Amino acid sequence: MGYHGISCEECEGRTFVNQNALKQHQNSSIHQPKNVRCPFQSLGCTSGPFISVAALARHIDAKGCAFITRRQFNGIAYDLNQSGDGERDNVINPDINPRKMGISRYQVYLTTKEAGRKVLNEEDDFWTCTYHGCGAKFKEKDGLKAHLKSPTHEARMYRCPGCDANFADLGSACSHIEQDVRGCDLNVKAVISEARDLITAVTTKKDSRTRPRILHLFFSLGPEEVFQRFAGVCKHMTGSNPKCDIIPGTAEKKIEKSIGKVVKRQVRLGCTSGPFISVAALARHIDAQGCTTFITRRQFNEIAYDLNQSNDGERYSVIDPDINPRTTGISKDTVDSIIKAAGRKVSNREDDFWTCTYPGCVAEFKAKDSLKAHLQSPTHEARMYRCPGCNADFPDLGSACSHIEQNVRGCNIEVKAVIKEVHKLITAVKKKKVSDRTSASLRAIWLLSKSLRQK
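Residues numbered from 1 in each chain as written. Predicted model: local features only at pLDDT ≥ 70, side-chain atom pairs only at ≥ 80, totals over all residues. Heavy atoms only, no water.

This part is about the confidence of the model for the protein. Confidence in the prediction of the protein, expressed as mean pLDDT, is 75, and 72% of residues score 70 or more. Note that pLDDT drops below 50 for residues 210–252; the model gives that stretch 56 contacts with residues more than four away or on any other chain. Within the model, pLDDT remains below 50 along residues 262–269, and this stretch shows 17 contacts once partners closer than five positions in the same chain are excluded. (pLDDT = per-residue confidence, 0-100. Contact = heavy atoms within 4.5 Å.)

Here it is in structure tokens:
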């Protein structure tokens, strides 16, 4: 059958090279709903939803989830499989321990150091991977590091129950099982459901390791059991207060205040980036999505705008009060529509490049990821930041800070005062974000204490 003989009826005659390409197209997000959510969304993960369990697994494997790494996931999955009371997961090989097999962090360091020594001494023109005779060559150090940190040399602990093919990461195993390209003799839905249960179990285990013990007392126990243990917890937390053995009065306030501190401390933990050499570098860290665990650039801009509007008449001089980031600039729906339109033109050979069709932009890219990165950058976002001296506008705070700190145009401003104001803005946004993330927990604690007080 020729190239133009295979087409998708729902996509206005879009043609494909073979049946496998058509099948992949029909299983993509164009035709499949995104109804698989990341279990870590309850902790703040903003990625997803996904079209399949395989896509969710690849999200974790690619370190797209800031709450767990691939190495941590594999270790917890192995432990859960070993402690399953005889019930093993079909997608995990019980004989392969990811902590003892595969490349270790120290071996990554030694391999990178050896390749760097050879390049420095001009013994080799490339950064070469020497782990177990791999021989892969890279022009840059970052390419070798990305290769060593990928699943390439990790323990192949996942398998297909049908054909016993081995995989180094759960995403590859799920993709193999979902596509069923080899005609493996297995129940695909049952195995994929088992893989999803595994991800949920790992999430629960990870959550139990990181969540404070006191929060478990409130959210995992029933009201009666909490009532029985509440006095003891209160006495333990406040110590010397003689009135702290009952719920009414000052004891209740002390409990709520102490638990509130625990919740806020838990929210703050996790960001390992920094310190930075300047406020501009800190702002660029946020703008470049380097702090996705806690806040994205879009969230930061929206909170900054709200704070500027509700600042009791005192405006931040680096923010334009007339530009609302929620109503100005490119939206998520527009990003998706532009990518789909560009993909349709490339697939139908109407265009050789992935072209940005946002009004006023003619940028062209060779790959889909490049167009996606362009659309997710500040290029088409609202230019809500400005220089108080020359009124130059910027779409992100990092560019505005760099302009102000360098003072290349000789803007008639007091640089230190403006930069201090920017740092104050970042701190205010952080406090607002922490307050928003903890408000639900604090409200639950208040309602629980209120119900206990009524008893």
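From this point, things continue past the structure.
Take the UniProt feature "domain: C2H2-type" (unreviewed entry) in the protein next. When the UniProt feature table is mapped onto this chain numbering, "domain: C2H2-type" (unreviewed entry) sits at residues 127–158. Regarding residues 127–158, the helix share stands at 28% and the strand share at 16%, and the terminal C-alpha atoms are separated by 30 Å. (UniProt positions renumbered as here; feature names shortened; annotations may be inferred. Helix = DSSP H or I, 4+ residues; strand = E, 2+ residues; numbered from the N terminus.)

Formed by 36 residues in total, the largest nonpolar core has its most connected members in F73, Y158, L170, C174, L198 and I199. Not counting the four nearest positions on each side in its chain, C174 is found in contact with V53, A54, A57, I192 and A195. By size, the runner-up hydrophobic cluster in this structure holds 33 residues, among which are V279, I404, I419 and V429. (Core = buried A, V, L, I, M, F, W, Y, C linked by side-chain atoms within 4.5 Å. Buried < 20%, exposed > 50% of the residue type's maximum accessible area, 1.4 Å probe, protein only.)

Although it is not a glycine, E122 adopts a positive phi angle of roughly 60°. When you line up the elements, E122 lands in the loop between helix 4 (105–120) and strand 3 (127–128). Judged by relative accessible area, which is 72%, E122 ranks as exposed. Look at H132: it is not a glycine, yet its phi comes out positive at around 50°. You can see H132 is positioned in the loop between strand 3 and strand 4 (137–138).

All right, on to helix 11 (residues 279–287) then. Of all nine residues in helix 11, eight are buried; the element is thus mostly enclosed. Those residues of helix 11 that fall on the buried side of the exposure criterion are V279, A280, A281, L282, A283, H285, I286 and D287.

Take the pattern of salt bridges next. Summed over the entire model, instances satisfying the criterion amount to nine salt bridges. A salt bridge links R70 to E154; the shortest N-O distance between them is 2.9 Å. Of this pair, R70 sits in helix 3 (residues 70–82) while E154 sits in the loop between helix 5 (141–149) and strand 5 (158–159), placing them 84 residues apart in sequence. Like E154, R70 is buried. Ionic pairing is found between R383 and D393, a salt bridge with its closest N-O pair at 3.5 Å. Taken together, the residues span a long stretch of sequence, with R383 in the loop between helix 14 (368–376) and strand 9 (385–386) and D393 in strand 10 (residues 393–394) at a distance of ten residues. Among the residues examined, D393 registers a relative accessible area of 37% and is labelled partly exposed. (Salt bridge = Lys/Arg side-chain N within 4 Å of Asp/Glu carboxyl O.)

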